[in-house]
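Structure assessment
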Amino acid sequence: MGSDKIVIDDKSVMNAIYNSQGIKPALLSYGQRIAGRANSLGAGYRTPKWHDHETGETKGGKQPEYGATLGNRRVICLVHPENYAAMKDNHLHNTMLKAIG
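Here we summarise the structure given alongside this text. (Residues numbered from 1 in each chain as written. Predicted model: local features only at pLDDT ≥ 70, side-chain atom pairs only at ≥ 80, totals over all residues. Heavy atoms only, no water.)

Describing the overall build of the protein chain
Counting secondary structure elements, the protein chain contains four helices and four strands. Walking the protein chain from its N terminus toward its C terminus, one meets helices and strands in the order α-α-β-β-β-β-α-α. Taking 2.2 N^0.38 as the reference for a compact globule, 101 residues should give roughly 13 Å; the C-alpha atoms of the protein chain span a radius of gyration of 20 Å, well beyond that estimate. For the protein chain, the spread of C-alpha atoms along the principal axes amounts to about 75 × 30 × 25 Å. Per-residue burial over the protein chain gives 23% buried out of 101 residues. (Helix = DSSP H or I, 4+ residues; strand = E, 2+ residues; numbered from the N terminus. Rg over C-alpha atoms; globule rule 2.2 N^0.38 Å. Buried < 20%, exposed > 50% of the residue type's maximum accessible area, 1.4 Å probe, protein only.)

Thoughts on helix 3 (residues 84-93)
Among the residues of helix 3, Ala 85, Ala 86, Asp 89 and Asn 90 are the ones counted as buried. Buried residues of helix 3, viewed axially, fall in a sector of 130 degrees; they line one side. Exposed and facing more than 90 degrees away from the buried side of helix 3 are Tyr 84 and His 91. Residues of helix 3 that are buried sit in contact with strand 3 (66-70), strand 4 (77-81) and helix 4 (95-100). Directly after helix 3, the chain includes Asn 94, whose backbone phi takes a positive value near 55 degrees. (Arc of directions from axis to C-beta. Contact = heavy atoms within 4.5 Å.)

With respect to the environment of Lys 88
Within the secondary structure, Lys 88 sits in helix 3. Note on Lys 88: relative accessible area 31%, which makes it partly exposed. Between the C-alpha atoms of Lys 88 and Tyr 18, which are 70 residues apart in sequence, the distance is 33 Å.

Notes on the layout of surface pockets
What the largest pocket holds in volume is close to 160 Å³. Lining the largest pocket we find Lys 11, Met 14, Asn 15, Arg 73, Arg 74, Val 75 and Ile 76. (1 Å grid on protein atoms, 1.4 Å probe; cavity = no way out; pocket = protein on both sides within 12 Å on 5 of 7 lines; lining within 4 Å. Points joined across faces, edges and corners; volume = space filled by probe spheres on them.)

Overview of a nonpolar patch on the surface
A grouping of Ile 6, Ile 8, Val 13, Met 14 and Ile 17 is seen on the molecular surface, where their side chains present a nonpolar patch of about 500 Å² in accessible area. Tracing the sequence through the fold places Ile 6 in the segment before helix 1 (10-18). (Patch = residues over 30% accessible without salt bridge, like charges linked within 9 Å, V, L, I, M, F, W, Y side chains within 5 Å. Areas by Shrake-Rupley, 256 points an atom, 1.4 Å probe, with all protein chains shown as cover. Salt bridge = Lys/Arg side-chain N within 4 Å of Asp/Glu carboxyl O.)

Focus on the pairing of strand 4
In this sheet, strand 4 lies alongside strand 3 in antiparallel orientation, the contact comprising five bridges. Each bridged residue has a counterpart across the sheet, and for Tyr 66 the counterpart in strand 4 is Pro 81. Remark: six residues form the turn of the hairpin made by strand 3 and strand 4, two consecutive strands paired antiparallel; Arg 73 in that turn has positive phi of roughly 60 degrees. (Pairing = 2+ DSSP bridges.)

Some points on helix 2 (residues 23-41)
For the α-helix, the turn length of 3.6 residues means that residues three or four positions removed from each other point alike. The end-to-end C-alpha distance of helix 2, which contains 19 residues, comes to 27 Å, matching closely the 27 Å that a straight helix rising 1.5 Å per residue would cover. For helix 2, the elements touching its buried residues are strand 3, strand 4 and helix 4. (Expected span 1.5 Å × (residues − 1).)

Here it is, written out as structure tokens:
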């Protein structure tokens, strides 16, 4: 028939979606729900306490903290560990994977 082609500019489509009204709050809300579940799952875990001889401080004993951040110019919300305890908890228990559901 003819050589009529439809070309879709992926970048323009993603920009249109990302800039559409309501998408950013919806993405962030969804990410925060997952981070909240991860915080609940990791609530019983604490990093071991240890004494830093250089500073004289006792460190550790922290509860995991997970957070959510919108991607920069992308249609994505990142759920991530916010402290060392969350990194350790996620490594040992796959907390973020479990929090997805």
